[in-house]
Amino acid sequence: MMDRQSIDISSLTELAKTAALKAGDKILEVYFSDEIGLVSKDDNSPLTLADQSAHFEILGHLEKTGLPVLSEEGINIPYVIRKEWDYYWLVDPLDGTKEFVKRNGEFTVNIALIHKGTPVMGVVYAPVLDWMYWGSKSVGAWKQVGNGQPFKLTEVSDHNIRTIAASKSHMNPETAEFISQYPKAEIISMGSSLKFMLVAENKAQLYPRFGPTMEWDTAAAHAIVKAMGGEVIAMKEMNSLPYNKPNLLNPDFLVRSWHSQ
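Our subject in this report is the structure included herewith. (Residues numbered from 1 in each chain as written. Predicted model: local features only at pLDDT ≥ 70, side-chain atom pairs only at ≥ 80, totals over all residues. Heavy atoms only, no water.)

Notes on the pairing of strand E8 (residues 140–145)
Put simply, the rule is: By this definition, two strands are paired if DSSP reports at least two bridges between them. Strands here mean DSSP runs of E at least two residues long; helices mean DSSP runs of H or I at least four residues long; both are numbered from the N terminus.
Relative to E8, strand E7 (residues 131–136) runs antiparallel, the two sharing six bridges. Residue pairing in the sheet places Met132 in a bridge with Gln144 of E8. Adjacent in sequence and paired antiparallel, E7 and E8 are bridged by three residues. Bridge count for E8 against strand E9 (residues 151–153) is three bridges, and the pairing is antiparallel. Within E9, the residue paired with Lys143 across the bridge is Phe151. Counting the residues that bridge the hairpin from E8 to E9 gives five residues, and of these Gly146 lies at a positive phi of roughly 55°.

Shown next as structure tokens:
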């Protein structure tokens, strides 16, 4: 069990990367099988055997640290308990279940470390694509493809809006209106938290999201975007997207490939 007074972000990053890789293996076993075990949750969102298998795999790794774990597929932990947490893990074992069901490969494992309402480290892994992203303030943001050499993702000085990332499944009037402000911009779509990663790699400069997401959908990718010099801001308040709220539903937000301050 880890002493919370001696949090080592570097070692926790390696642990989270291992957990994400192992969860990815569990997901791929189901992905390439004949039966994915598709059911609907109470909110009508899809759930598969892969979501559950990845959840338990990740839990087995993260529980060794002694830090609390809040996972989309875990138990509902009341705010009266969560509000006392200093550091904790925030996990989406399979982000993009709809993409998983479509078998287009655009889904991810998301593991974040939160400290006092702020994502301080994140790991995003796309098992089919074999893309691993990670980032924290101390090491910056990184990407590794397969067994290739990791490379650093950094903010660029050119902030011209050439490309905007948009959701494949959630294009709505608010998003279309936002995009209309940039008539010359190309629109690029990907599933799950990979839209954040398009911004982290500066393949897109903006990603607006109008519509419901949960804290576990965004936390890991938020940490990586922050580590490369970008930001994720709540549209209405124009401040950094907050975490460990009483209600875990995110407000509308904007991901930007640079920091405004």
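The structure having been displayed, the exposition proceeds.
Examining the nonpolar core
A general tendency of soluble globular proteins is for nonpolar side chains to be buried together. The following threshold applies: By nonpolar core we mean a set of buried residues, namely Ala, Val, Leu, Ile, Met, Phe, Trp, Tyr and Cys, connected to one another through side-chain atoms within 4.5 Å. For every residue, the accessible area (1.4 Å probe, protein chains only) is compared with the maximum for its type, and the residue is labelled buried under 20%, exposed over 50%, or partly exposed between those bounds. Two residues qualify as a contact provided that any one of their heavy atoms is within 4.5 Å of a heavy atom in the partner residue.
Ranked by size, the top nonpolar core spans 37 residues in total, and within it Leu90, Tyr133, Phe196, Met197 and Val255 carry the most contacts. If you list the elements that add at least two residues to this core, you get strand E4 (87–95), strand E5 (108–115), strand E6 (118–126), E7, helix H6 (194–200), helix H7 (215–228), strand E13 (231–234) and strand E14 (253–256). At seven residues, H7 tops the list of elements feeding residues into this core. In this structure Val255 touches Phe196, Val199, Gln205, Leu206, Tyr207, Val225, Glu231 and Val232, once residues within four positions along its chain are discounted.

Things to note about the sheet that holds E9
Basically, it comes down to this: Only the stretch in contact is used when a helix axis is fitted, and all axes are lines through C-alpha atoms; the angle between N-to-C directions ranges over 0 to 180 degrees.
One open sheet holds the seven strands; their spatial order is E3-E4-E5-E6-E7-E8-E9, and the pairing between them is mixed. Of all strands in the sheet, those with a lone pairing partner are strand E3 (69–71) and E9, marking the two edges. The sheet shows a mean angle of 20° between the axes of neighbouring strands, direction not considered. In the sheet, E6 pairs with E7 via six bridges, with the strands oriented antiparallel. In the sheet register, Ala126 faces E7, and the bridge partner there is Trp131.

Description of the environment of Val128
Secondary-structure assignment places Val128 in the loop between E6 and E7. Residues contacting Val128, with those up to four places away along its chain left out, are Leu28, Tyr31, Gly105 and Phe107.

Structural notes on the pattern of salt bridges
Any two side chains of opposite charge can pair, so long as their charged atoms come close to each other. The criterion, for reference: Salt-bridge detection follows one rule: a side-chain nitrogen of Lys or Arg within 4 Å of a carboxyl oxygen of Asp or Glu.
Summed over all chains, the structure comprises seven salt bridges. A salt bridge links Arg256 to Glu231, with the shortest nitrogen-to-oxygen separation between them at 2.4 Å. Highlighted residues: Arg256 in strand E14 and Glu231 in strand E13, separated in sequence by 25 residues. Several salt bridges converge on common partners, so that one network encompasses Lys143, Glu201 and Lys203.

Remarks on H7
Residues spaced three or four apart along an α-helix face the same direction, because each turn holds 3.6 residues. For clarity, the cut-off: Multiplying 1.5 Å by the helix residue count minus one yields the expected span of that helix. Think of it this way: the bend at a residue is just the angle between two axes, each fitted to seven residues, one set ending at that residue and the other starting at it.
With 14 residues, H7 ought to run about 20 Å at 1.5 Å a step, and its terminal C-alpha atoms sit 20 Å apart, in line with that. Where H7 bends most, the angle comes to about 25°, and this point is Ala221. For H7, the tally of buried residues reaches twelve of 14 residues, placing the bulk of the element in the interior. Within H7, the full set of buried residues consists of Glu215, Trp216, Asp217, Thr218, Ala219, Ala220, Ala221, His222, Ala223, Ile224, Val225 and Met228. A positive backbone phi angle near 110° is found at Gly229, which sits one or two residues after H7.

Some words on the packing of helix H1 (residues 9–31) against helix H2 (residues 49–62)
We count it as follows: Angular relationships are summarised with four words: roughly parallel below 35 degrees, roughly antiparallel beyond 145, roughly perpendicular across 65 to 115, and oblique for the angles in between. The handedness criterion is simple: a crossing whose near helix is rotated anticlockwise from the far helix by less than a right angle is left-handed, and one whose near helix is rotated clockwise is right-handed.
With their axes 8 Å apart at the nearest point, H1 and H2 run at an angle of 155° to one another. By the angle class used here, H1 and H2 are roughly antiparallel. Between H1 and H2 lies a crossing of right-handed hand. Of H2, the residues touching H1 (which contributes Leu15, Thr18, Ala19, Lys22, Ala23, Lys26, Ile27 and Val30) are Leu49, Ala50, Ser53, Ala54, Glu57, Ile58, His61 and Leu62.

Examining unusual backbone geometry
Only a minority of non-glycine residues have a phi that is not negative, and only a minority of peptide bonds are not trans. Located in the positive-phi region is Asp130, a residue other than glycine, with phi close to 60°. Mapping Asp130 onto the fold places it in the loop between E6 and E7. The class of Asp130 is partly exposed, set by a relative accessible area of 31%. The residue Met238 is not glycine, and still its phi comes out positive at about 60°. Its location among the elements puts Met238 in the loop between E13 and E14.

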